[in-house]
Amino acid sequence: MEQTTGCPAVGSSYPQKNAEILSSQYGINLFLAGLLLTFAWAVHAVGISKSHLLSYLITLMLIQLLWMLWYLCRSCTQRRLIQDKDTHAGARWLKCGITLFAVITLILDSFKIGYYIDFLNCLSPTEGIFPVTHAVHTILQVYFLWCHAKDVIQSFKTLERFGVIHSVFTNLLLWTNGVLTESKHQLNEHKERLITLGFGNISIVLDDHAPQCNCTTTTLCSIFSQGIYYLYPFNIEYHILASTMLYVLWKNIGRKVEHHQQNKTPFKFHGITVGMIFGLIVLTSTIAIVVVYLIQIGGSKIKSELALTMFYLHAIFVLALMCTAGIVALLIYRLEDRLLDNSKNPARKLDAELLVGTAAGSWLLSWGSILAIICAQGHPKYTWYNLPYSILVIIEKYIQNLFIIESIHREQEKANDDIKTLRIVTISRGNTLSLTPLYKEIYNGRATHDSSDVHCLFKGSICGRENYGAGVAKEEMSQDNSLVMNSASDFPFYSRNSVTNNKRRILKNIAAFLFLCNLSLWIPPAFGCRPEYDNGLEEIVFGFEPWIIVVNLAMPFSIFYRMHSAASLFEVNCKT
């Protein structure tokens, strides 16, 4: 274990680079072993049961718990030492988001414990130990992230690299387990719905992992089993957010931080009323569409087709609005001349990579749907709506990615010193009257009233203390008239500032609107409204099993993209 004191940069870089490579390879192998075990359980491999998978996950969580406890104890002993912090990492709104998902995850764990108690006679003990361990892991991890997500670790760096990367891939495996369990449930429902749409030529074999015994309390078992699958989307988002925050912590180990004061950018509702209203309309209508969809789909062929048509028309309208808003925002950026911040920032780099990487999931599904529509021999009427929907999904994410990535890389606009210090003063009958209230847009409603000592800075001239004696009244009046006339030449500057404020207001409204739209588009796939499963055309063209594999691989990334975009747009709104 090495503690950095003042070692030469070149001499210390090699062992640290080796430690980074070794720890990353350790994490990848840890993940691949768990992934293979998860896959073996999913396909009912001989000799592999769910208890083996859960035992592996429990072991990983216990190791992470030990490391977090050690780190927390060591941090308490070094509390008086000044530690470097990455001000860009672990934003407060991100911590609040992960806390919300963690609370719902704890509810999910309690449902699993209740489910295990009801099926105690035929379930493995690991299925009872797992939710208990997971609950403790969730509580401690959220506390750890709240307290230490911004840390830039400079001591025991090799050990910490392995501890943090272990935590990253443990969360990724828990995310994979949640995705697989939720996907298997969705797949069983999907197979049953295909019959109502007339695709009887597709073999329907349910993948059942249900316990082979009767429940002690039928009503509670039904509540627990159904509630678990409605809570899984929040559990999935919790683990992927935790893994990204921990990854940024891993990248920051040993990093030299530039010490500068970061401007705080709190979220304000002022000035984004229009964007919020339209966004809330989209959110409300989306929730209504999802409820109707889940009720109608699978009821009968006519009801299922109407549900799919309704979903596509609503999604087309929303995506078209989002494309328009994104284009307007990019045009405003093109009209501005502002530099980009290209400084090293692991959190910002990860945000951009995740946006493009996870967007590829929905792009894959969209291109698959477009190809199926082109190649299919028969086309039910509702499938034609899938074509503009798939095209708009590709275009919308392309535009939105450009807007978000450029927004998070733009330097924040600095306030002009002249605006902060400029004061226009008139003197009438021995009284000082400020004209500042006439320019609320420039001075933010602040006026200076000082009858004895007025300081003003205007075009490099400094007006000091004024003597208000009666003998110099004429000279003061002439100076005042000159000052007011000189101010007329600066009205173009005021006009430019007003235009800039209008642009910022438009951008904030666009960011707020897109934020709510992305939350709206996260809801349907997260809660079972997935036309990629239900329209049946892709299964005919590609085959049932190949298309289902594609959907199960791509859908988690598509769902995560919407939540990550919403988080990024929230940050954009705060910074604008």
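Since we're looking at a predicted model, the values are computed, not measured. (Residues numbered from 1 in each chain as written. Predicted model: local features only at pLDDT ≥ 70, side-chain atom pairs only at ≥ 80, totals over all residues. Heavy atoms only, no water.)

Novice: Even after reading the chapter, I still don't get the overall build of the protein chain, so can you show me in this structure?
Specialist: In terms of regular secondary structure, the protein chain is built from 17 helices and 4 strands. The proportion of buried residues among the 576 residues of the protein chain is 50%. Restricting to contacts in the protein chain with at least 6 residues of sequence separation, those with at least 24 account for 85%. (Helix = DSSP H or I, 4+ residues; strand = E, 2+ residues; numbered from the N terminus. Buried < 20%, exposed > 50% of the residue type's maximum accessible area, 1.4 Å probe, protein only. Contact = heavy atoms within 4.5 Å.)

Novice: Explanation requested: the pattern of salt bridges in the structure shown.
Specialist: Note that side chains of opposite charge can pair when their charged atoms are close. Taken as a whole and judged by the stated rule, the model has 4 salt bridges. The shortest N-O distance in the salt bridge between Glu160 and Arg74 comes to 2.5 Å. A residue pair is termed long-range when its members are at least 10 positions apart, and Glu160 in helix 5 (residues 157-196) and Arg74 in helix 2 (residues 50-77) qualify at 86 residues. Judged by relative accessible area, which is 0%, Glu160 ranks as buried. The class for Arg74 is buried, based on a relative accessible area of 10%. (Salt bridge = Lys/Arg side-chain N within 4 Å of Asp/Glu carboxyl O.)

Novice: So what exactly am I meant to see when it comes to helix 10 (residues 386-409) here?
Specialist: Since the α-helix turns once every 3.6 residues, residues separated by three or four places project in the same direction. For helix 10, built from 24 residues, the straight-helix expectation of 34 Å at 1.5 Å per residue is met to within 8% by its first-to-last C-alpha distance of 35 Å. Counted residue by residue, helix 10 has 17 buried out of 24 residues, so it is predominantly covered. (Expected span 1.5 Å × (residues − 1).)

Novice: Teacher, can you tell me more about the confidence of the model for the protein chain here?
Specialist: Chain-level pLDDT for the protein chain is 77 on average; 73% of the residues reach the 70-or-more range. Here helix 12 (residues 440-443) stands out as the element of the protein chain with the lowest mean pLDDT, 38, in contrast to helix 4 (residues 126-148), whose mean of 93 is the highest. Predicted confidence for residues 1-11 stays below pLDDT 50, and this span has 13 contacts to residues more than four positions away or in other chains. Contacts for the low-pLDDT stretch residues 415-476, under 50 throughout, to residues beyond four places or in other chains number 82 contacts. (pLDDT = per-residue confidence, 0-100.)

Novice: Explain the packing of helix 7 (residues 273-296) against helix 8 (residues 301-335) to me, please; I cannot follow it from the model alone.
Specialist: Angle between the axes and distance between the axes: these two values describe a pair of packed helices. Close contact between helix 7 and helix 8 brings their axes to 9 Å; oriented N to C, the two are set at 165°. When the interaxial angle is binned, helix 7 and helix 8 end up roughly antiparallel. Seen from above, helix 7 lies across helix 8 with left-handed handedness. Facing helix 7, whose interface residues are Val282, Ser285, Thr286, Ile289, Val292, Tyr293 and Gln296, helix 8 presents Lys303, Ser304, Ala307, Leu308, Met310, Phe311, His314 and Val318. (Axes fitted to C-alpha atoms, helices over the stretch in contact; angles between N-to-C directions. Parallel < 35°, antiparallel > 145°, perpendicular 65-115°, else oblique. Left-handed = near helix turned anticlockwise from the far one by under 90°.)

Novice: What should I look at first to understand the nonpolar core in this one?
Specialist: For soluble globular proteins, the rule of thumb is that nonpolar side chains tend to be buried together. Grouped together as the largest cluster of nonpolar side chains are 123 residues, with contacts concentrated most on Phe144, Met322, Tyr389, Phe403, Leu514 and Trp522. A per-element tally of this core places helix 6 (residues 218-251) first, with 16 residues. Of the residues that make up this core, three or more belong to each of domain 1 (15-199 + 214-256) and domain 2 (267-412 + 498-575). Once residues lying within four places of it in the same chain are set aside, the contact partners of Phe144 are Trp67, Met68, Tyr71, Leu72, Ala149, Leu246 and Leu249. (Core = buried A, V, L, I, M, F, W, Y, C linked by side-chain atoms within 4.5 Å. Domains from an automatic or database assignment.)

Novice: Would you mind showing me how to read the packing of aromatic side chains here?
Specialist: The geometry of an aromatic ring pair comes down to the distance between the two centres and the angle between the two planes. Across all of its chains, the model carries 21 aromatic pairs by this definition. With a centroid separation of 5.7 Å and an interplanar angle of 40°, the aromatic rings of Trp67 and Tyr71 are classed as tilted. Highlighted residues: Trp67 and Tyr71, both in helix 2, separated by 4 residues, approximately one helical turn. Judged on exposure class, the residue Trp67 and its partner Tyr71 are both buried. Here Tyr247 and Trp250 contribute two aromatic rings whose centre-to-centre distance is 5.8 Å and whose plane-to-plane angle is 35°, an arrangement assigned as tilted. Of this pair, Tyr247 and Trp250 both sit in helix 6, 3 residues apart, roughly one helical turn. Tyr247 sits in the partly exposed class, given a relative accessible area of 28%. Residue Trp250 is classed as buried on the basis of its relative accessible area of 6%. Three or more aromatic residues link up through ring pairs in this structure, and these residues are Phe101, Phe234, Trp522 and Phe527. (Phe/Tyr/Trp six-rings, centres within 6.5 Å; stacked < 30°, edge-to-face > 60°.)

Novice: Please clarify how the packing of helix 3 (residues 92-118) against helix 6 should be interpreted in this entry.
Specialist: Packing of helix 3 against helix 6 brings their axes to within 7 Å, and their N-to-C directions diverge by 145°. Considering only the axes of helix 3 and helix 6, their crossing is left-handed. Taken together, the residues that form the contact of helix 3 with helix 6 break down as 21 nonpolar, 5 polar and 4 charged. (Nonpolar A, V, L, I, M, F, W, Y, C, P; charged D, E, K, R; others polar.)

Novice: Would you explain the state of the cysteines in this entry?
Specialist: Between two cysteines, a covalent bond joining their sulfur atoms is known as a disulfide. Across all of its chains, the model carries 0 disulfides by this definition. Cys147 forms no disulfide, and the closest cysteine sulfur to it belongs to Cys76, at a distance of 8.6 Å. (Disulfide = S-S within 2.5 Å.)

Novice: What should I look at first to understand a nonpolar patch on the surface in this one?
Specialist: Together, Ile113, Ile117, Val132 and Val136 make up an exposed nonpolar region whose accessible area comes to about 310 Å². Sorting the residues of the nonpolar patch by element identifies helix 3 and helix 4 as the ones contributing at least two each. Inspection of the secondary structure puts Ile117 in helix 3. (Patch = residues over 30% accessible without salt bridge, like charges linked within 9 Å, V, L, I, M, F, W, Y side chains within 5 Å. Areas by Shrake-Rupley, 256 points an atom, 1.4 Å probe, with all protein chains shown as cover.)

Novice: What exactly am I supposed to notice about the environment of Leu220 here?
Specialist: With respect to the secondary-structure elements, Leu220 resides in helix 6. When the C-alpha atoms of Leu220 and Tyr115 are compared, they prove to be 8.0 Å apart, with 105 residues separating the residues in sequence.

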